[in-house]
Amino acid sequence: AQKVTQAQTEISVVEKEDVTLDCVYETRDTTYYLFWYKQPPSGELVFLIRRNSFDEQNEISGRYSWNFQKSTSSFNFTITASQVVDSAVYFCALRIETSGSRLTFGEGTQLTVNP
Amino acid sequence: KAGVTQTPRYLIKTRGQQVTLSCSPISGHRSVSWYQQTPGQGLQFLFEYFSETQRNKGNFPGRFSGRQFSNSRSEMNVSTLELGDSALYLCASSIVPQVYEQYFGPGTRLTVT
């Protein structure tokens, strides 16, 4: 069975601080995909990134960066110079090759960025 | 391109009633998945449809059912509502299953009283 763990339930930072959201996953499958989604108060899940198990290259997109390490089964997300608009719940999710579109989500991390 | 749309956005029902939620995927997307989000259980997969066929089903009782139409629009139905069915129901679409990412709609907030 697949499992995703986001140990940080809530994080509170002051604007312009850097913040890292942790994600640890479990799967026995060798082919899988990892995702991060953002859920603002409106409720809609906003796609941020997809990473497949064969691509451990880290990625940077503006103030966002992701660190994928298969050795530790982690897929961490860092926001640099956080802004109030980054306040949301962030979800890490896992999809295995044989499960169609089915996503297994972590519990989510509530990020609050204070001005 | 319009995103995933879900109707209605809010719904209040009484225990024992049934409810039907609707989801229209992004144009060109043929796979639709449904998720239930509650404070206690988090985000849980309900089922996935592709080409009008259910491909995958989560661990939910038979009261939860769904279908997909030839235009890829999908509906989910919950019969004999229970208080615990109160949740945000999210629909997601992708081009085809197993390919790329899913895009989510704004959800339907169901309250059962």
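What you see is a predicted model, and the numbers here were worked out from it, not measured in a lab. (Residues numbered from 1 in each chain as written. Chains lettered and ligands numbered in written order. Predicted model: local features only at pLDDT ≥ 70, side-chain atom pairs only at ≥ 80, totals over all residues. Heavy atoms only, no water.)

Asks: Looking at this model, I keep getting lost on the overall build of chain A. Mind explaining?
Replies: Counting its secondary structure elements, chain A contains 0 helices and 12 strands. Taken from N to C terminus, the helices and strands of chain A fall in the order β-β-β-β-β-β-β-β-β-β-β-β. Rg of the C-alpha trace for chain A: 14 Å, near the compact-globule value of 13 Å for 115 residues, within the 12% margin. Judged by the C-alpha coordinates and their principal axes, chain A covers about 45 × 30 × 20 Å. Taking all 115 residues of chain A together, the buried fraction comes to 46%. Counting contacts in chain A only where the partners sit at least 6 residues apart, residues at least 24 apart contribute 56% of the total. Accessible surface computed for chain A: about 5500 Å², of which carbon and sulfur atoms make up 47%. (Helix = DSSP H or I, 4+ residues; strand = E, 2+ residues; numbered from the N terminus. Rg over C-alpha atoms; globule rule 2.2 N^0.38 Å. Buried < 20%, exposed > 50% of the residue type's maximum accessible area, 1.4 Å probe, protein only. Contact = heavy atoms within 4.5 Å. Areas by Shrake-Rupley, 256 points an atom, 1.4 Å probe, with all protein chains shown as cover.)

Asks: How do you make sense of the environment of Gln-68 of chain B when you look at a structure like this?
Replies: Residues and elements named next belong to chain B. Here Gln-68 shows up in strand S7 (residues 64-68). Residue Gln-68 is classed as buried on the basis of its relative accessible area, which comes to 5%. Here the alpha-carbon distance between Gln-68 and Ser-31, two residues 37 residues apart in the chain, equals 9.2 Å. Excluding anything up to four places from it in sequence, Gln-68 contacts Arg-30, Val-32, Tyr-49, Phe-50, Ser-51, Glu-52, Thr-53, Arg-73 and Ser-74. In terms of polar contacts, Gln-68 uses its side chain to reach the backbone amide nitrogen of Ser-51, at 3.2 Å. (Polar contact = N/O pair within 3.5 Å; in protein donor to acceptor, adjacent residues only side chain to side chain.)

Asks: In this structure, what is going on with the side chain of Ser-99 of chain A? I would like to understand it.
Replies: Relative to the helices and strands, Ser-99 of chain A resides in the loop between strand S10 (88-96) and strand S11 (104-105). For Ser-99 of chain A, a relative accessible area of 10% puts it in the buried group. Beyond its immediate stretch of four places on either side in the chain, Ser-99 of chain A contacts Glu-48 and Asn-56 of chain B.

Asks: Just to check I follow, could you spell out unusual backbone geometry for this structure?
Replies: The phi angle of most residues is negative, glycine excepted, and most peptide bonds adopt the trans form. Residue and element names in this part refer to chain B. Omega for the bond connecting Thr-7 with Pro-8 falls within 30 degrees of zero, at -10°, which places this linkage in the cis form. In this structure, Pro-8 sits in the loop between strand S1 (5-7) and strand S2 (10-13). The backbone of Ser-72 sits at a positive phi, close to 80°, despite the residue not being glycine. Among the secondary structure elements, Ser-72 is positioned in the loop between S7 and strand S8 (74-78). Phi at Thr-80 is positive, roughly 45°, even though this residue is not glycine. Mapped onto the elements, Thr-80 comes out in the loop between S8 and strand S9 (87-94).

Asks: Is there a simple way to explain the sheet that holds S7 of chain B in this structure?
Replies: The strands making up a sheet are joined through hydrogen bonds of the backbone, oriented either antiparallel or parallel. Residues and elements named next belong to chain B. As summarised here, the arrangement of the 4 strands in space is S1-S3-S8-S7, forming an open sheet in which the pairing is antiparallel. A strand with exactly one partner marks an edge of an open sheet, and here the two such strands are S1 and S7. Here the strands of the sheet are splayed against their neighbours by 20° on average, with no regard to which way each runs. Pairing geometry for S7 and S8, over 5 bridges, is antiparallel. Within S8, the residue paired with Phe-64 across the bridge is Val-78. (Pairing = 2+ DSSP bridges. Axes fitted to C-alpha atoms, helices over the stretch in contact; angles between N-to-C directions.)

Asks: In this structure, what is going on with the interface of chain A and chain B? I would like to understand it.
Replies: Interface size is often expressed as the accessible area that is lost when the parts come together. Across the contact, 19 residues belong to chain A and 26 residues belong to chain B. When chain A packs against chain B, close to 1700 Å² is buried across both sides, 49% of that on carbon and sulfur atoms. Contact with chain B buries surface across chain A, with Leu-45, Ser-101 and Arg-102 of chain A losing the most and accounting together for 31% of the total. Joining chain A to chain B, the criterion identifies 1 salt bridge. Remark: the boundary between chain A and chain B carries 8 residue pairs in polar contact (both at pLDDT 80 or more). (Buried area = accessible area lost by both parts, 1.4 Å probe. Salt bridge = Lys/Arg side-chain N within 4 Å of Asp/Glu carboxyl O.)

Asks: How should I be thinking about the nonpolar core in this particular structure?
Replies: The nonpolar side chains of a soluble globular protein tend to be buried with one another. Counting 24 residues, the largest nonpolar core has Trp-36, Phe-75, Phe-77, Tyr-90 and Leu-111 of chain A as the members making the most contacts within it. Elements represented by at least two residues in this core include exactly strand S2 (10-14), strand S3 (19-21), strand S5 (32-39), strand S8 (64-69), strand S9 (74-79), S10 and strand S12 (109-114) of chain A. For this core, the element with the highest residue contribution is S10 of chain A, accounting for 5 residues. Phe-75 of chain A has contacts with Cys-23, Leu-34, Phe-35, Trp-36, Ile-49, Arg-51, Trp-66, Asn-67, Phe-68 and Cys-92 of chain A, leaving out every residue within four places of it along the chain. The next biggest cluster of nonpolar side chains, apart from the first, holds 21 residues, and it includes Cys-23, Leu-81, Ala-87 and Val-112 of chain B. (Core = buried A, V, L, I, M, F, W, Y, C linked by side-chain atoms within 4.5 Å.)

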